[in-house]
Amino acid sequence: MGNLAIKIEDVSKLYELGTIGTGTLSRDLQRWWANVTGKEDPFMKIGQENDRTRRSDTNFMWALKDIDLTIQKGDVVGVIGRNGAGKSTLLKLLSKVTAPTTGKIFIDGRIASLLEVGTGFHPEMTGKENIYMNGAILGMRKKEIRRKFDEIVQFAGVEAYINTPVKRYSSGMYVRLAFSVAAHLESEILIVDEVLAVGDAEFQSKCLGRMESVSKNEGRTILFVSHNMGAIRNLCSRGVVLNNGRIHSTGTVTESIAEYMRGNLSERAVVTRPSDPSKDLEFLDIRVVNKSGEVTGNILSGDSFELQATVNVRRYRENATLSFRFTNQDGIPVLTTALDDYLGQYRLTQGEHSFRIKIDPNVLMPGKYEVLAAIFETKVQMFDLLEQAVSINIENYGTLYRDSDRKGVVAPVFPWLVSETGINK
Amino acid sequence: MDKTKQEMEIHGEQRWSEVLKPKDNLLNIRLGEIWRYRDLIQMFVMRDFVATYKQTILGPIWFFIQPILTTIMFAVVFGGFAQLSSDGMPRLLFYLSALTIWNYFSECFTKTSSVFITNASIFGKVYFPRLIIPISIVVSNLLKFLIQFSLFLGFLIYYLIDGGYPIKPNLAILLLPVLIIIMAGISLGAGMIFSAMTTKYRDLTFLLTFGIQLLMYATPVIYSVQSIPEKYRGWVMMNPLSPVVEAFRYAFLGTGQFSVFSLTYSASFMVVLLMVSVVIFNRVERTFMDTV
């Protein structure tokens, strides 16, 4: 036995977009026949090489390209990347849902994937029947399920309803039961994709706890995909950053998270504008700066950050002021901060002014925000307006990590004062 | 720990239990793997039964009602109105015998032909040998066949006791398992080819219902081969399903054409069809998720 669990060699995955095939059955049949008899594809364009491994028409998309990766046994690897980076495709290949276009994947050990929990659940069947069904789909033998049955039921907390059809279950119970089956599967390699997006906070922490114990006590290899950096950091020892279907970097989980945050420049963290003489007052530069002084739109929810703005005043206007408004992805203006809040009647005299607005940690809920910047005289005149000046992505991290489904638009952390008042006897 | 996987590869010091590649041997149906998942076949069969008859008032009685109603309808329309010959047999028995074995074929075929589409959501998330589902369909329909078969036996015994009809069950009954295997094999093979093609061309699903009806008329279900003009008999017997239906009828009723040669023809057809279908199915199952 070697010490590698997974070795991925030069793997790529091509997806065909738009229509599949030549469009009609008869032409496809001819093409198939030509293929079988070793002749040339009669519908190939002249000069075009029908090499699927190299062709990159507009109709094709490499979901993964040239992936080389080795994973040691017992490693807990966090797969990090933006939407569309290829994370899910990678997990799909590993769990054999679809085959790679090129390259080879070597695996040592049984793989269990929690790509989506509850696969194969039938609403008419009871909880018990579904446990067996779902377990069998995941590759468990009947006796294996029987042995773990009580544990599974107990973990899911559905003891009382085990002989009830699952269509009578609440959605929470349903998910708990489904996760529980998968979590008790005996496999050397576990693949987990965002299952924690479901269920209530208590159950989520239970799942994380289960995964921690699986990796630490049982020494299993885990591949974990999540957008929750806190969960990744807590659970994983190593990280892989994917970007546009390629491996951007690999390393320890701390390095990888840092790499991901730094590399994630798609957020408009800075806007610089040329001076416009027709304006009396104008923004020259607005940027988002994290705690360490780097310009980035990716901010961890537990960190403070700064908005920095440079304003050019060509002509003094007595009542001019400026403000920034944060709007979340639901379009709700979450907060506005204005110059007069803090500095009272600061006079925007002729010349350049630089402002640094320090935003406290734990103010904004994790999510994306657009920042509107305006210089104006209240109810009189707008001097300069940038509707979407910069955008900020607050990454879930730290205190909130066990509760990624928290409701609300702000996320301040308040002091909780506690005193034991004794028990009434 | 399970180490029965076929693909072991030594790669330096490292041993691998599995290697995933773009292309695999298309004739390799990985029987060992299917065997490891045998419990899943059982679960699918059970699910099929539970799902079909839950929340119906009559429940499993439907297994009996369906063939009886069809048989009565055939007896009235084809036997009564159209005066088609039933070889001197009681009409009910004549139609029921053929329908029992025909239903097994048509049910298996219809269900397997939509395997990829109806199970796309499961296939997209979990891996298990895809052949498990067609196999479980064949098995679960075998159970339904046995239920309908017992119904047929009931009628057969009734008419035997009643006398008055020249019913002569004979030793060909021993061939029943062979007949069932041929029917299962052909429906599985045809269904798998269809299911592989329907992932790309959904149009085929519309053709299917029509095609099965047509096929039934090309098979001696509502008529016997003896009753049709000599010049058409050869054509009807070209249909690999015909010898099976005829043999079934011959075994239990003693009427109909029975020849080892034509049954061998059906069996060979089944083997070739199964091989072709496995190749096509294997080809599609690896990447069909990308096209559905």
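Residues numbered from 1 in each chain as written. Chains lettered and ligands numbered in written order. Predicted model: local features only at pLDDT ≥ 70, side-chain atom pairs only at ≥ 80, totals over all residues. Heavy atoms only, no water.

Asks: Pulling in residues and values, what's your account of the overall build of chain A?
Replies: Secondary structure summary: chain A contains nine helices and 18 strands in total. Classification of the 425 residues of chain A by burial places 51% in the buried group. Looking at chain A alone, contacts between residues at least 24 apart form 70% of all its contacts between residues at least 6 apart. (Helix = DSSP H or I, 4+ residues; strand = E, 2+ residues; numbered from the N terminus. Buried < 20%, exposed > 50% of the residue type's maximum accessible area, 1.4 Å probe, protein only. Contact = heavy atoms within 4.5 Å.)

Asks: Quick rundown of the sheet that holds strand β10 (residues 270–272) of chain A? Include the residues and the values.
Replies: All names here are of chain A. Reading across from one edge, β10-β11-β13-β16 is the order of the four strands in this open sheet, with antiparallel pairing throughout. Every interior strand has two partners, whereas the edge strands, β10 and β16 (351–359), have only one. For this sheet the average axis-to-axis angle between neighbouring strands, irrespective of direction, equals 20°. Both strand β11 (residues 281–289) and strand β13 (residues 305–313) contribute to a ladder of eight bridges, which runs antiparallel. From the neighbouring strand, Glu 282 faces β13, where its bridge partner is Asn 312. (Pairing = 2+ DSSP bridges. Axes fitted to C-alpha atoms, helices over the stretch in contact; angles between N-to-C directions.)

Asks: Describe in detail the interface of chain B and chain A, supporting the description with residues and values.
Replies: Tallying the contact residues gives 48 residues for chain B and 55 residues for chain A. Interface area, chain B with chain A, both sides summed: about 4,400 Å², of which 60% is carbon and sulfur. In terms of surface lost to chain A, no three residues of chain B exceed Trp 16, Leu 20 and Lys 125 of chain B, which account for 16% of the buried area on that side. At the boundary of chain B with chain A, the tally comes to three salt bridges. A salt bridge links Arg 141 of chain A to Asp 39 of chain B; its shortest N-O distance comes to 3.0 Å. Linking chain B with chain A are eight residue pairs in polar contact (both at pLDDT 80 or more), by the criterion used here. Contributions of two or more residues to the side of chain B that touches chain A are made by β1 (9–11), β2 (14–16), β3 (18–20), α1 (31–36), α2 (38–53), α6 (120–123) and α12 (260–287) of chain B. A total of ten residues in the side of chain B that touches chain A trace back to one element, the largest contributor, which is α2 of chain B. Across three bridges, strand β4 (residues 102–107) of chain A lies against β3 of chain B in antiparallel orientation. Bridge pairing in β3 of chain B links Phe 106 of chain A to Val 19 of chain B. (Buried area = accessible area lost by both parts, 1.4 Å probe. Salt bridge = Lys/Arg side-chain N within 4 Å of Asp/Glu carboxyl O. Polar contact = N/O pair within 3.5 Å; in protein donor to acceptor, adjacent residues only side chain to side chain.)

Asks: An account of the pattern of salt bridges is needed here, citing residue identities and associated values.
Replies: Inspection of the entire model under this criterion finds 21 salt bridges over all chains. Its salt-bridge partner being Lys 96 of chain A, residue Glu 18 of chain B comes within 2.4 Å of it at the nearest N-O pair. Note that Glu 18 of chain B is positioned in strand β3 and Lys 96 of chain A in the loop between α2 (87–94) and β4, a pairing that runs across two chains. Both residues of the pair, Glu 18 of chain B and Lys 96 of chain A, belong to the buried class.

Asks: Break down the side chain of Glu 144 of chain A for me, with residues and values.
Replies: Residue and element names in this part refer to chain A. Residue placement: Glu 144 occurs in helix α4 (residues 142–156). Among the polar contacts made by the side chain of Glu 144, one reaches the side chain of Arg 110 at a distance of 3.2 Å. For Glu 144, the residues in contact, after removing those within four places along its chain, are Arg 110, Leu 185 and Glu 186.

Asks: Any details on unusual backbone geometry? Residues and values, ideally.
Replies: In this structure, Asn 244 of chain A takes a positive phi of about 50° despite not being glycine. With relative accessibility at 61%, the residue Asn 244 of chain A sits in the exposed group.

Asks: Account for the sheet that holds strand β17 (residues 367–377) of chain A, with residues named and values stated.
Replies: Residues and elements named next belong to chain A. Spatially, the five strands line up as an open sheet ordered β12-β18-β17-β14-β15, and their pairing is mixed. Each having just a single partner strand, β12 (298–300) and β15 (333–338) make up the two edges of the open sheet. The sheet shows a mean angle of 30° between the axes of neighbouring strands, direction not considered. Across three bridges, β12 lies against strand β18 (residues 381–395) in parallel orientation. Across the sheet, Asn 298 pairs through a bridge with Asn 393, a residue of β18.

Asks: Would you mind going over the packing of helix α4 (residues 91–113) of chain B against helix α8 (residues 176–198) of chain B in detail, with residue names and values included?
Replies: Residues and elements named next belong to chain B. Between α4 and α8, whose axes approach to 7 Å, the crossing angle comes to 25°. With respect to α8, the element α4 is oriented roughly parallel. In the packing of α4 onto α8, the handedness of the crossing is right-handed. Of the residues in α8, those in contact with Ile 101, Tyr 104, Phe 105, Cys 108, Phe 109, Thr 112 and Ser 113 of α4 are Leu 179, Ile 180, Met 183, Ala 184, Ile 186, Ser 187, Leu 188, Ala 190, Gly 191, Phe 194, Ser 195 and Thr 198. (Parallel < 35°, antiparallel > 145°, perpendicular 65-115°, else oblique. Left-handed = near helix turned anticlockwise from the far one by under 90°.)

Asks: Please give an account of the packing of aromatic side chains that cites residues and values.
Replies: As enumerated under the stated definition, the model contains 28 aromatic pairs over all chains in all. Aromatic side chains Tyr 158 of chain B and Tyr 159 of chain B sit 5.2 Å apart centroid to centroid with 80° between the ring planes, which places their arrangement in the edge-to-face category. Residue class for Tyr 158 of chain B comes out exposed when judged on its relative accessible area of 52%. The structure contains a cluster of three or more aromatic residues connected by ring pairs, namely Tyr 104, Phe 145, Phe 149, Phe 152, Phe 248 and Phe 252 of chain B. Directly above the aromatic system of Trp 62 of chain A lies the positively charged group of Lys 65 of chain A, at a separation of 4.4 Å from the ring centroid. (Phe/Tyr/Trp six-rings, centres within 6.5 Å; stacked < 30°, edge-to-face > 60°. Lys NZ or Arg CZ within 6 Å of the ring centre and 35° of its normal.)

Asks: Before we move on, could you go through α12 of chain B and cite the residues and values that matter?
Replies: All names here are of chain B. The end-to-end C-alpha distance of α12 is 41 Å, a good match for the 40 Å that 28 residues give at a rise of 1.5 Å each. Residues Ser 262, Leu 263, Ser 266, Met 270, Leu 273, Ser 277, Val 278, Phe 281, Asn 282, Val 284, Glu 285 and Arg 286 constitute the buried set of α12. Packed against the buried residues of α12 are α5 (115–118), α7 (132–162), α8, α10 (230–238) and α11 (241–253). (Expected span 1.5 Å × (residues − 1).)

Asks: Quick one: what's the story with the nonpolar core, residue by residue and with numbers?
Replies: If you look at the biggest cluster of nonpolar residues, it comprises 131 residues, and the most contacted ones within it are Ile 131 and Phe 224 of chain A together with Leu 40, Phe 128 and Phe 248 of chain B. In contact with Ile 131 of chain A, other than residues within four places in its own chain, are Ile 145, Phe 149, Ile 152, Val 153, Ile 162, Leu 177 and Val 181 of chain A. (Core = buried A, V, L, I, M, F, W, Y, C linked by side-chain atoms within 4.5 Å.)

Asks: How would you explain the pairing of β17 of chain A if you had to name every residue and give the values?
Replies: Residue and element names in this part refer to chain A. Taking burial as the measure, the eleven residues of β17 include nine buried ones, the bulk of the element. Pairing of strand β14 (residues 321–328) with β17, which is carried by eight bridges, proceeds in the antiparallel orientation. Paired with Phe 324 across the strands is Ala 373, a residue of β17. Two strands pair when backbone bridges link them, and β17 and β18 are joined in this way by ten bridges, in the antiparallel orientation. Bridge assignment links Phe 376 to a residue of β18, and that residue is Met 382. Hairpin remark: β17 followed by β18, antiparallel, with three residues in the connecting loop; positive phi at Lys 379, about 60°.

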